[in-house]
Amino acid sequence: MPFPTPLPADFEWGFATASYQIEGAVNEDNRGRSIWDTFCHLQPTRTKGANGDVACDHYHRYEEDFDLLKKYGAKAYRFSISWSRIIPLGGRDDPLNETGIEFYNTLIDSLLGRGITPWVTLYHWDLPQALHDRYGGWLDVEESQKDFERYAKICYERFGDRVKNWITLNEPWIVSIFGYATGGNAPGRSSINPQSFQGNTATEPWIVGRALIMSHARAVALYNKQFRESQKGQIGISLNGDYYEPWDDQDTRDKVAAERRMEFHIGWFANPIFLARDYPPCMREQLGERLPIFTPSDFSILEKAKVDFYGMNYYTSQFARHRDQPAPETDFIGNIEELQGDKNGISVGEPSGVHWLRSAPQLFRKHLTRIYQKYGKPIYVTENGCPCPGEDAMTCDESVNDSYRIRYFEDHLEAIALANNEDGTHIKGYFAWSLLDNLEWSDGYGVRFGVTFTDYVTLKRTPKKSAMLLQHIFHERMNLPTAS
Ligand code: GBH
């Protein structure tokens, strides 16, 4: 391998997880139910029979997991708080659960005691079920944003003396589209999914999107007004979204289609959040009145909600091909076709262990630079990772030899370093997804994204080769000695 492109010595790096995917202990210490508890127990199953009742049992094994983090050399760790452990019923007038708060205090202190910086996501998809039952959850734009703001306030008050890095929401696109358009995620609403019996794909995701944008904005505006000065932390949001190349790079219609696809994915949230601007014009054009408007009072909140960074969750890229027919009402991707190969049959990248993910580091570099140029904030890559080909069927001994994952990490870190050094793009950190194999949502426990193998029978953790190698990769680039 040629000499790797350097990264700055203060580059932040570590591993990421999310509450419902790892914690288990769903009925302990007064935790309230979330929409994922409900979704995972639906019959017939929509999660391959899997649920988060036990998951990785991180709730009881966090010390062991943090010892692993330390051993892997991580500087930082990104985890999410389960809203319904803090406020079991979720609402702004509902009681707090002190044992839930205590659990996260312990996590934070255990990390700091090991010299690891906590990065906290407030919402990684596990809405309190009580709010869904009470007013339809994210479908009620006014109620949900007030309840989220109060939940955020409790977190700043109780944890903000030690937590200096906040992420409001994880992937609002997935929350809106998978939760309310395809029905593939909780709460599973859709009018195009035969397994869903409620929902309206043409309207609900756009309403939910506005609720999420305003919830984020209120939480940030509150931080800026009441906590920033004393706590001196930073705050942002994690957006997902693939990079798209035109299927036929000679066809202007495909070029426009690729750009439109990214606007539907990212601009939907990034325009209001980073630029305090309306949705991208191409969305308004296609969706018409189904896309809710921002009121003047929404805009005044958006203006006050200045963030510090762009959290990027990136896994893969695709090709976009224009369609000649008008968009159906249920379309949410900008009336294009998505493909993993281009007009000449060239694949976007090497296949991984899951059908939707191919390794495309050169397009990652383009993606980073496009985002930085459009939204102007330093980027933290808050998720990036993959399962190795065939890993779902492997034993532990086979899985730990994860050479595909090691190459994936190396290639994507090289892309970051190149974007930083040669494209004028400012990237300040990186979190590998994930610390542990865990509940991969509707894919259940088969798809393994961890750098640590989880045996779901014994709950034994076994480091894969990539776990130990990441520190070497970073330290080499940062020109630091690597502890053995
Ligand atoms: C992230 O989502 C999540 O934040 C994290 O919790 C998750 O474990 C991780 O990725 C790995 O998936 O099967 O064709 O319908 C990334 C967004 C959502 C992208 C699901 C791929 C499946 C497409 N992902 N999507 S498909």
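Located above this text is the structure these notes cover.
Because the structure is predicted, anything quoted here is derived from the model rather than measured.

Caption draft 1: Looking closely at the overall build of the chain. In terms of helices and strands, the chain carries 16 helices and 15 strands. Relative to the compact-globule value of 23 Å for 484 residues, the chain shows a C-alpha radius of gyration of 21 Å, a close match. The principal-axis extent of the C-alpha atoms belonging to the chain is close to 60 × 60 × 50 Å. Taken over 484 residues, the chain has a buried fraction of 63%. Taking contacts inside the chain between residues at least 6 apart in sequence as the whole, the part at least 24 apart equals 76%. Counting only carbon and sulfur atoms, one obtains 51% of the accessible surface of the chain, whose full area is about 17900 Å². Each charge class in the chain was averaged separately, 52 positive and 66 negative side chains, and the resulting centres sit 3 Å apart.

Caption draft 2: Quick look at the environment of His-475. Tracing the chain through its elements places His-475 in helix α16 (residues 465-478). By relative accessible area, His-475 is classed as buried at 11%. Expressed as a C-alpha distance, the spacing of His-475 and Gly-73, which sit 402 residues apart in the sequence, is 9.7 Å. Not counting the four nearest positions on each side in its chain, His-475 is found in contact with Trp-13, Leu-480, Pro-481 and Thr-482.

Caption draft 3: Just the site of the ligand, in detail. Near the ligand you find 15 residues, and of these Gln-21, Glu-171, Glu-383, Glu-440 and Trp-441 are the closest. At 2.9 Å, a side-chain N or O of His-124 approaches an oxygen atom of the ligand. Between Asn-170 and the ligand, the recorded distance is 3.0 Å, taken from a side-chain N or O atom to an oxygen atom. Protein coverage of the free-state accessible area of the ligand, which is 580 Å², stands at 78%.

Caption draft 4: View of empty space enclosed by the protein. The tally for this structure, following the rule as stated, stands at two cavities of 30 Å³ or more. Volume-wise, the largest cavity comes out at about 60 Å³. Lining the largest cavity, in full, are Ile-35, Trp-36, Tyr-123, Trp-125, Trp-138, Val-175, Tyr-180, Asn-185, Ala-186 and Pro-187. Listing elements by their share of the lining of the largest cavity, those giving two or more residues are α2 (35-40) and α8 (172-180). Split into classes, the residues belonging to the lining of the largest cavity amount to nine nonpolar, one polar and no charged.

The rules behind the values
- Residues numbered from 1 in each chain as written.
- Predicted model: local features only at pLDDT ≥ 70, side-chain atom pairs only at ≥ 80, totals over all residues.
- Heavy atoms only, no water.
- Helix = DSSP H or I, 4+ residues; strand = E, 2+ residues; numbered from the N terminus.
- Rg over C-alpha atoms; globule rule 2.2 N^0.38 Å.
- Buried < 20%, exposed > 50% of the residue type's maximum accessible area, 1.4 Å probe, protein only.
- Contact = heavy atoms within 4.5 Å.
- Areas by Shrake-Rupley, 256 points an atom, 1.4 Å probe, with all protein chains shown as cover.
- Lys, Arg positive; Asp, Glu negative; His and termini not counted.
- Charge placed at Lys NZ, Arg CZ, Asp CG, Glu CD.
- Near = heavy atom within 4 Å.
- Polar contact = N/O pair within 3.5 Å; in protein donor to acceptor, adjacent residues only side chain to side chain.
- 1 Å grid on protein atoms, 1.4 Å probe; cavity = no way out; pocket = protein on both sides within 12 Å on 5 of 7 lines; lining within 4 Å.
- Points joined across faces, edges and corners; volume = space filled by probe spheres on them.
- Nonpolar A, V, L, I, M, F, W, Y, C, P; charged D, E, K, R; others polar.

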